[in-house]
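Here is what each chain is made of, one letter per residue.
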Amino acid sequence: MAELTAVVHGAIELATATGDLQSDDPAGLRSDAAVAVVDGEIAAVGPTDEVTREYPPENAVHDVDATGRAVIPGYVDSHTHACFAGDRSDEFEAKLRGTTYGELLASGGGIHRTVRATRAASGEELLDNLLEHLDVMVAHGTTTVEVKSGYGLDTETELRMLDAVDRADDRHPVDVVPTFMGAHAVPRPADRPDDEYGEGDPVDADDYVDRVVSEQLPAVEKQGIAEFCDVFCDEGAFTVDQSRRVLEAGAERGLTPKVHAEELAHRGGAKLAAEVGAASADHLLHATDEDVAALVEADVTPALLPGTAFGLGADYADGRAMVDSGAPVAVATDFNPNCHSQSMAFASALACVEMGLTPAEALVAGTRNGARALDRPDLGVVREGAPADLVVLDAPSHVHVPYSYGINRVATVLKDGRPVVGPEWTGERDRDADSGGER
Ligand code: NIG
Ligand code: FE
């Protein structure tokens with residue numbers, strides 16, 4: 001028999017996020033609204049009196065009274081590097097004193113430092129760290145998150161990271177989408193546990209790309225976890241030709257391309273994303289109008305990561321111009337040791353204040369369009385048939401999310417119609433329970 005999982009009712013505002021960014025009502029706003037959830041799926045969306053007549057809240061497993069509050073879809077954070085070990089808070093201080101991200105990377109810090117810590121960490125440690133980050137994310141309203149590998153830069157550690165991502169997905173209510181990113185940086189010889197490249201010899205980027213293509217990707221395909229293949233196409237990382245090789249080889253093994261493009265400098269990653277039909281091109285701080293037009297033409301989602309520009313003290317991507325040019329812009333956190341915020345609300349506030357998006361646009365960019373960047377059009381919207389991933393705010397409208405910058409306005413989070421944050425949450429999630437591999 002079907003289960004009436006939840007009825008959320010009395011919402012003063014429901015943002016369904018069903019409109020295009022370029023429409024008059026991107027957030028798809030309704031007032032005095034209710035949502036009925038049957039077997040974890042949204043069965044009805046409408047005025048409270050109509051929905052509750054058909055689906056009485058007292059008959060539901062979870063009666064969620066949202067009187068005076070706003071309800072939005074759970075955030076879909078389409079770009080993170082949330083699986084890692086170690087701490088780089090001292091680099092935050094160094095950056096404040098003027099050291100650049102490129103300087104840190106070139107001197108063996110940055111990504112390389114996290115690579116050393118991640119290689120030294122067990123699968124259990126990686127899993128525990130990731131679960132803690134997922135706890136913070138869901139508390140801030142995220143119900144689906146993409147997590148990349150890329151702090152191993154060797155086959156064994158890349159697979160261990162993806163395994164931790166897969167186990168975290170089993171263990172945690174937040175859905176975790178796995179991306180392989182062996183081409184995150186060219187490893188340094190000193191970072192190698194063995195002498196694979198010869199003592200002290202600098203690692204040649206083309207040789208490393210050979211390794212990604214001929215060793216890492218076959219192993220990743222065999223492991224069968226990753227869905228996407230991402231590459232850091234940028235100054236100090238991989239060229240367009242090297243990136244293309246990795247993405248084409250990944251696509252042959254069933255992994256959909258994604259590109260870190262035009263972050264530190266303009267290097268052609270956006271055009272490459274259009275050429276290979278990537279799901280998204282991310283960062284785009286230095287993207288041109290022509291790049292954005294190519295992305296729109298090729299149906300690639302431009303994913304903006306304002307937290308990164310904030311932390312780097314860099315100029316922001318021109319989100320306003322992209323939206324005005326018709327682009328289905330997504331906004332994500334880029335949570336990583338260099339951009340240590342798991343909060344989509346903070347990313348939304350920056351998208352409004354620094355990139356010129358309206359609160360309604362920022363909402364759609366962080367929900368529906370985040371889902372678009374992950375090829376999951378069923379997520380990030382409140383409509384019949386969609387999974388019931390809903391956030392009740394301790395506020396009367398979605399505007400209060402970016403308006404209350406630095407403050408968490410999340411009152412209750414429902415994942416598939418079940419409370420996983422908030423007063424209704426029974427704490428049924430058992431961190432020690434094992435539904436995946438061994439811990
Ligand atoms: O998206 N740019 C490359 N990768 C990450 C940073 C990772 C790190 O610094 O650890 C990013 O910003
Ligand atoms: Fe990134």
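Going by the structure above, here's the rest.
Residues numbered from 1 in each chain as written. Chains lettered and ligands numbered in written order. Predicted model: local features only at pLDDT ≥ 70, side-chain atom pairs only at ≥ 80, totals over all residues. Heavy atoms only, no water.

A. Quick look at the nonpolar core. In terms of nonpolar packing, the biggest core is built from 106 residues, with Leu-134 and Phe-180 touching the most fellow members. Excluding residues within four positions of it along the chain, Leu-134 makes contact with Val-145, Ala-168, His-172, Val-174 and Val-176. (Core = buried A, V, L, I, M, F, W, Y, C linked by side-chain atoms within 4.5 Å. Buried < 20%, exposed > 50% of the residue type's maximum accessible area, 1.4 Å probe, protein only. Contact = heavy atoms within 4.5 Å.)

B. View of the pairing of strand 4 (residues 62-65). By the alternation rule, side chains of strand 4 split into His-62 and Val-64, which are all buried, and Asp-63 and Asp-65, of which none is buried. Relative to strand 4, strand 1 (residues 4-15) is paired through four bridges, and the arrangement is parallel. When the sheet's bridge partners are listed, His-9 is paired in strand 4 with Asp-65. (Helix = DSSP H or I, 4+ residues; strand = E, 2+ residues; numbered from the N terminus. Pairing = 2+ DSSP bridges.)

C. Broad picture of the coordination of the iron ion (ligand 2). Summarising the metal site, the iron ion (ligand 2) is bound by the protein donors His-79 (NE2), His-81 (NE2), His-260 (NE2) and Asp-334 (OD), whose distances to it range over 2.0 to 2.5 Å. In the primary sequence, the donor residues of the iron ion (ligand 2) line up as H-x1-H-x178-H-x73-D. Taken as a pair, His-79 in the loop between strand 6 (75-77) and helix 2 (89-96) and Asp-334 in the loop between strand 13 (330-331) and helix 13 (344-353) lie far apart in primary sequence, 255 residues in all. On the basis of relative accessible area, Asp-334 is assigned to the buried category, the value being 2%. (Donors = N, O, S within 2.8 Å, 3.2 Å for Na, K, Ca; no water.)

D. Just helix 9 (residues 269-276), in detail. Taken across its eight residues, helix 9 has six buried, putting it largely inside the fold. If you check which residues of helix 9 are buried, you get Gly-269, Ala-270, Leu-272, Ala-273, Ala-274 and Val-276. Residues of helix 9 that are buried sit in contact with strand 9 (228-233), helix 8 (240-252), strand 10 (256-261), strand 11 (280-283) and helix 10 (289-297). A positive phi of about 65 degrees marks Gly-277, the residue just after helix 9.

E. Seen up close, the packing of aromatic side chains. This model, assessed by the stated rule, comprises four aromatic pairs. Taking the centre distance of 6.3 Å and the plane angle of 75 degrees together, the rings of Phe-84 and Tyr-151 count as edge-to-face. Here Phe-84, found in the loop between strand 6 and helix 2, pairs with Tyr-151, found in the loop between strand 7 (142-148) and helix 6 (155-171); they are 67 residues apart in sequence, far enough to count as distant. You can call Phe-84 buried: its relative accessible area is 4%. Its relative accessible area of 1% is what places Tyr-151 among the buried residues. Here the aromatic rings of Phe-310 and Phe-346 are separated by 5.2 Å at their centres, their planes lie at 85 degrees, and the arrangement is edge-to-face. Placement of Phe-310 in helix 11 (residues 306-312) and of Phe-346 in helix 13 is noted, with a sequence separation of 36 residues between them. On the basis of relative accessible area, Phe-310 is assigned to the partly exposed category, the value being 48%. (Phe/Tyr/Trp six-rings, centres within 6.5 Å; stacked < 30°, edge-to-face > 60°.)

F. Seen up close, the pattern of salt bridges. Tallied over the full model, the rule gives 26 salt bridges. The shortest N-O distance in the salt bridge between Glu-146 and Lys-148 comes to 2.8 Å. Glu-146 gets classed as buried once you look at its relative accessible area, which sits at 0%. Between Arg-160 and Glu-156 there is a salt bridge, and its shortest N-O distance comes to 3.5 Å. Placement of both Arg-160 and Glu-156 in helix 6 is noted, with a separation of four residues, approximately one turn of the helix. Several salt bridges share partner residues, and in doing so they unite Arg-88, Asp-90, Glu-91 and Arg-113 into one network. (Salt bridge = Lys/Arg side-chain N within 4 Å of Asp/Glu carboxyl O.)

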